[in-house]
Amino acid sequence: MGVTETARTEVLCAEAAAADTTGGTAAAGRAAQELGLKRGEFELAVHLGIVRTTAEQTGGRPRVRREEIDRLRSESGFPDAVRERVRTVGTAEGARLLGISPVRFTRLARAGCITPVTFYLNRYRAVVWLYLAQEVLDFAARAPQLLNGNSPAWMRARLDAGTDWRARNWRAQRIERQLSRTEDPWRRAAVLAGVLDPVQLAEVVDDLYERAYLARVRPEPVFGPPGSVVAREAMAQLMQADDPDEILWRRINLIMELDGARASRQAPRPGDDHRSVPVPVPVADPGTECLLGPAPGLLARLGLRRRVAGRRATGNGVPTKTVE
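Rules behind the numbers
Residues numbered from 1 in each chain as written. Predicted model: local features only at pLDDT ≥ 70, side-chain atom pairs only at ≥ 80, totals over all residues. Heavy atoms only, no water. Helix = DSSP H or I, 4+ residues; strand = E, 2+ residues; numbered from the N terminus. Contact = heavy atoms within 4.5 Å. Axes fitted to C-alpha atoms, helices over the stretch in contact; angles between N-to-C directions. Parallel < 35°, antiparallel > 145°, perpendicular 65-115°, else oblique. Nonpolar A, V, L, I, M, F, W, Y, C, P; charged D, E, K, R; others polar. Buried < 20%, exposed > 50% of the residue type's maximum accessible area, 1.4 Å probe, protein only. Lys, Arg positive; Asp, Glu negative; His and termini not counted. Salt bridge = Lys/Arg side-chain N within 4 Å of Asp/Glu carboxyl O. Core = buried A, V, L, I, M, F, W, Y, C linked by side-chain atoms within 4.5 Å. Pairing = 2+ DSSP bridges. Arc of directions from axis to C-beta.

S.K.: Help me understand the side chain of glutamate 210 in this model?
M.R.: Inspection of the secondary structure puts glutamate 210 in helix H14 (residues 208-217). Residue contacts for glutamate 210: discarding those within four places in its chain leaves Trp186, Val205, Arg262 and Ala267.

In structure tokens, the structure reads:
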């Protein structure tokens, strides 16, 4: 009887495995189980590019190829080595790793020395940053002089000014990883557009149909947006640039990406058949330049000419929001 039950269990497990590994791929849950990772660890591994999924090429629900699972399982030190690459620490544990106080660890992170890789919301809905343990140790090996003694002048200046680079650095890393997953110029432009608030975006992209297209093709996280409304709102707020020089930098990058996107195809408009139509590059007649006028300068394309003039007249800067 016991042998029969065991055989039946093995058959059921084999059937379940076969149903979950169709087409030479495994569902995310199955892949995480085979790699010995918890759900959060697996999602972070995908975000960091440690685990490659088919969703990056085809869209839809993420699946992992059998070859990818076998590759990771064959690595030396599996499964501990894979788990160690996605191990995260908070402020207290990070401070213990470095042998410093939590207060000093927070100062280092706020000054931009250590970049968080993810975050969660505590019961008070406050953002709690998490850091890759390996990156924390790498920082200690790279800059041991910052762990003891007085902080350097540049670091004190940043902290005295009340700046906090944690969200900005987290945002920059996330943008770079999103850009690395796509070669499509409009999707790349959409990644950068997502960092600007609606007013800033409208100043750079004044075409309503282009803005709608950017919103439509913007890459979603591999596992979709956060589940709760509060988490989605926090993610949206943290993803928006909030420092004047960061905003300017992102606007310039967006313009550059848009130049390539517009050269590859037009944004669809009402009545289009929604196919990608290459945009012909106009060749100006030598005698028409004076009639058309000069091409808009960088300040005009950034939507900053009026703003700069207004500041010169009134002396007022651009108000910015702060994300704690």
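What follows picks up the thread again.
S.K.: Just checking my understanding: could you explain the packing of helix H12 (residues 185-193) against H14 for this structure?
M.R.: The interhelical angle for the contact between H12 and H14, taken along N-to-C directions, is 95°, at an axis separation of 8 Å. The orientation of H12 relative to H14 falls into the category roughly perpendicular. In this structure, H12 contributes Trp186, Arg187, Ala189, Ala190 and Ala193 to the contact, and H14 contributes Glu210, Tyr213, Leu214 and Val217. Tallied by class, the residues present in the contact of H12 with H14 amount to 7 nonpolar, no polar and 2 charged.

S.K.: Would you mind showing me how to read the side chain of arginine 104 here?
M.R.: With respect to the secondary-structure elements, arginine 104 resides in helix H8 (residues 102-110). Put simply, arginine 104 is tucked away with no salt bridge, and the nearest opposite charge, on aspartate 160, sits 13 Å away. Leaving out residues up to four positions away in the same chain, arginine 104 has contacts with Leu146, Leu147, Asn148, Gly149, Asn150 and Ser151.

S.K.: Any chance you could explain the nonpolar core here in plain terms?
M.R.: Nonpolar side chains in soluble globular proteins generally cluster together in the buried interior. With 51 residues, the main nonpolar core has Leu98, Leu108, Ile114, Phe139 and Leu254 as its most contacted residues. For this core, the element with the most residues is H12, which contributes 6 residues. Sequence-distant contacts of isoleucine 114, defined by excluding residues within four places in its chain, comprise Leu98, Phe105, Leu108, Ala109, Tyr131, Val136 and Phe139. Counting residues in hydrophobic clusters, the runner-up holds 19 residues, among them Ala31, Leu44, Ile69 and Val117.

S.K.: Just to check I follow, could you spell out the pairing of strand E5 (residues 127-132) for this structure?
M.R.: Regular strands show a simple pattern: their side chains alternate between the two faces of the sheet. Looking at chain direction, strand E3 (residues 88-89) and E5 are connected through 2 bridges and run antiparallel. Within E5, the position partnered with threonine 88 by the bridge is leucine 132. Summarising the sheet, strand E4 (residues 118-121) and E5 pair through 4 bridges and their orientation is antiparallel. Note that in E5 the partner of phenylalanine 119 across the bridge is tryptophan 129. In this structure, the hairpin formed by E4 and E5 is closed by a connection of 5 residues, where arginine 125 is found at a positive phi of approximately 60°.

S.K.: It is not clear to me how H8 should be interpreted in this structure. Could you clarify?
M.R.: For the α-helix, the turn length of 3.6 residues means that residues three or four positions removed from each other point alike. Of all the residues in H8, the buried ones are Arg104, Phe105, Leu108 and Ala109. The buried residues of H8 occupy an angular sector of 140° when the element is viewed end-on, so they sit on one face. Summarising the contacts, the buried residues of H8 are in contact with helix H7 (91-98), E5, helix H9 (133-142), helix H10 (153-160) and helix H11 (166-180). Two residues or fewer after H8 comes glycine 112, characterised by a positive phi angle close to 90°.

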